[in-house]
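# Notes for the structure review
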Amino acid sequence: MNNYKEIVTKAIIGKLKKNSIDNISFNIDDKPDTILGCWIINHNFNGILNNKDVLVNGKYDINVWYSYDNNTKTNVAKYTYNYNDILNINLNDNIDSSDVKVRSLSNPVVNDAKIEDNLIKLEVSKELATEVIADTTIKVPIESTIDDYIEIKEDIKDEEINTNYLDK
């Protein structure tokens, strides 16, 4: 009959990845003619566990290079975008305490950029992954409690030992 032991360890008890699209609009002072380039920098985020959801709070800086004044001048518009994403992880266990790790699998990138009046409209996509790490228990079968070491017995008798081995 097998006995079981329980091992308590930290393990990933839930993980998820999510693609999301942010539609962002912001005003600029100039009347832009053409968008010459867009880039995103300084992407920062963190996640916390709330029931069975991971709430990700993040932000990134958007830089839009554009021309204005009949394409004779250029400028860069800077905008910081704050976002909140909810990642619904299917957790079966009741969790007392856990660690949440969030990674960016795909940094935010601008898919589409348009100008409407003085408004710049962007479509930004990103991919986030999260892992929830918590204590969990593993049951392991124990087949035997018998010591399986082989014992070597040396039969050395006192009279067989030459105590004068250094004398010649």
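What comes next is a walk through the structure. Everything quoted here is computed from the prediction, not taken from an experiment.

Calculation notes
Residues numbered from 1 in each chain as written. Predicted model: local features only at pLDDT ≥ 70, side-chain atom pairs only at ≥ 80, totals over all residues. Heavy atoms only, no water. Helix = DSSP H or I, 4+ residues; strand = E, 2+ residues; numbered from the N terminus. Buried < 20%, exposed > 50% of the residue type's maximum accessible area, 1.4 Å probe, protein only. Areas by Shrake-Rupley, 256 points an atom, 1.4 Å probe, with all protein chains shown as cover. Core = buried A, V, L, I, M, F, W, Y, C linked by side-chain atoms within 4.5 Å. Contact = heavy atoms within 4.5 Å. Phe/Tyr/Trp six-rings, centres within 6.5 Å; stacked < 30°, edge-to-face > 60°. Lys NZ or Arg CZ within 6 Å of the ring centre and 35° of its normal. Pairing = 2+ DSSP bridges. Axes fitted to C-alpha atoms, helices over the stretch in contact; angles between N-to-C directions.

This part takes up the overall build of the protein chain. Within the protein chain, the regular secondary structure consists of zero helices and six strands. Secondary structure elements in the protein chain, listed N-terminal to C-terminal, are β-β-β-β-β-β. For the protein chain, buried positions account for 27% of its 168 residues. Accessible surface computed for the protein chain: about 12400 Å², of which carbon and sulfur atoms make up 44%.

A few words now on the nonpolar core. Residues I24, F26, V54, V56, Y60, I62 and L122 are the most contacted members of the largest nonpolar core, which totals 25 residues. Of all the elements in the fold, those that place two or more residues in this core are β1 (3–27), β3 (53–68), β4 (73–88) and β6 (119–142). Sorting elements by how many residues they give to this core places β3 first, with seven residues. When residues no more than four places from it in sequence are discounted, the contact partners of I24 are Y60, I62, Y79, Y81, I120, K121, L122 and V124.

Tracing the backbone shows G14 in strand β1. A sequence separation of 76 residues divides G14 from N90, and the C-alpha atoms of the two residues are 6.7 Å apart. Not counting residues within four places of it along the chain, the set of residues in contact with G14 comprises I89, L91, T130, E131 and V132.

A word on unusual backbone geometry. At D69, a residue that is not glycine, the phi angle is positive and equals roughly 55°. Within the secondary structure, D69 sits in the loop between β3 and β4. Taking relative accessible area as the criterion, D69 reaches 41% and is therefore assigned partly exposed. Positive phi, normally seen in glycine, also occurs at D117, with a value near 55°.

Our focus in this paragraph is the packing of aromatic side chains. If you walk through the whole model with that rule in mind, you get four aromatic pairs. Where Y60 meets Y81, the ring centres are 5.5 Å apart and the plane angle is 45°; that geometry is what we call tilted. Note that Y60 is positioned in strand β3 and Y81 in strand β4, a separation of 21 residues in sequence. Since its relative accessible area comes to 0%, Y60 is described here as buried. Residues Y60 and Y83 carry aromatic rings whose centres are separated by 5.8 Å and whose planes lie at 45° to one another, so their mutual orientation is tilted. In this pair, Y60 sits in strand β3 while Y83 sits in strand β4, placing the two residues 23 residues apart along the sequence. Assigned by exposure class, Y60 and Y83 land together as buried. Feature note: the residues Y60, Y81 and Y83 constitute an aromatic cluster, connected by ring pairs. In this arrangement the basic side chain of K126 is found over the ring face of Y83, its NZ or CZ atom lying 4.2 Å from the centre.

With antiparallel pairing, three strands are arranged side by side in an open sheet as β1-β6-β5. Either end of the sheet is taken by a strand with one partner, and the two such strands are β1 and β5 (98–116). Strand-to-strand, the axes of this sheet are offset by a mean angle of 10°, without reference to chain direction. Bridge count for β1 against β6 is 24 bridges, and the pairing is antiparallel. Within the sheet, the bridge partner assigned to F26 lies in β6 and is I120.

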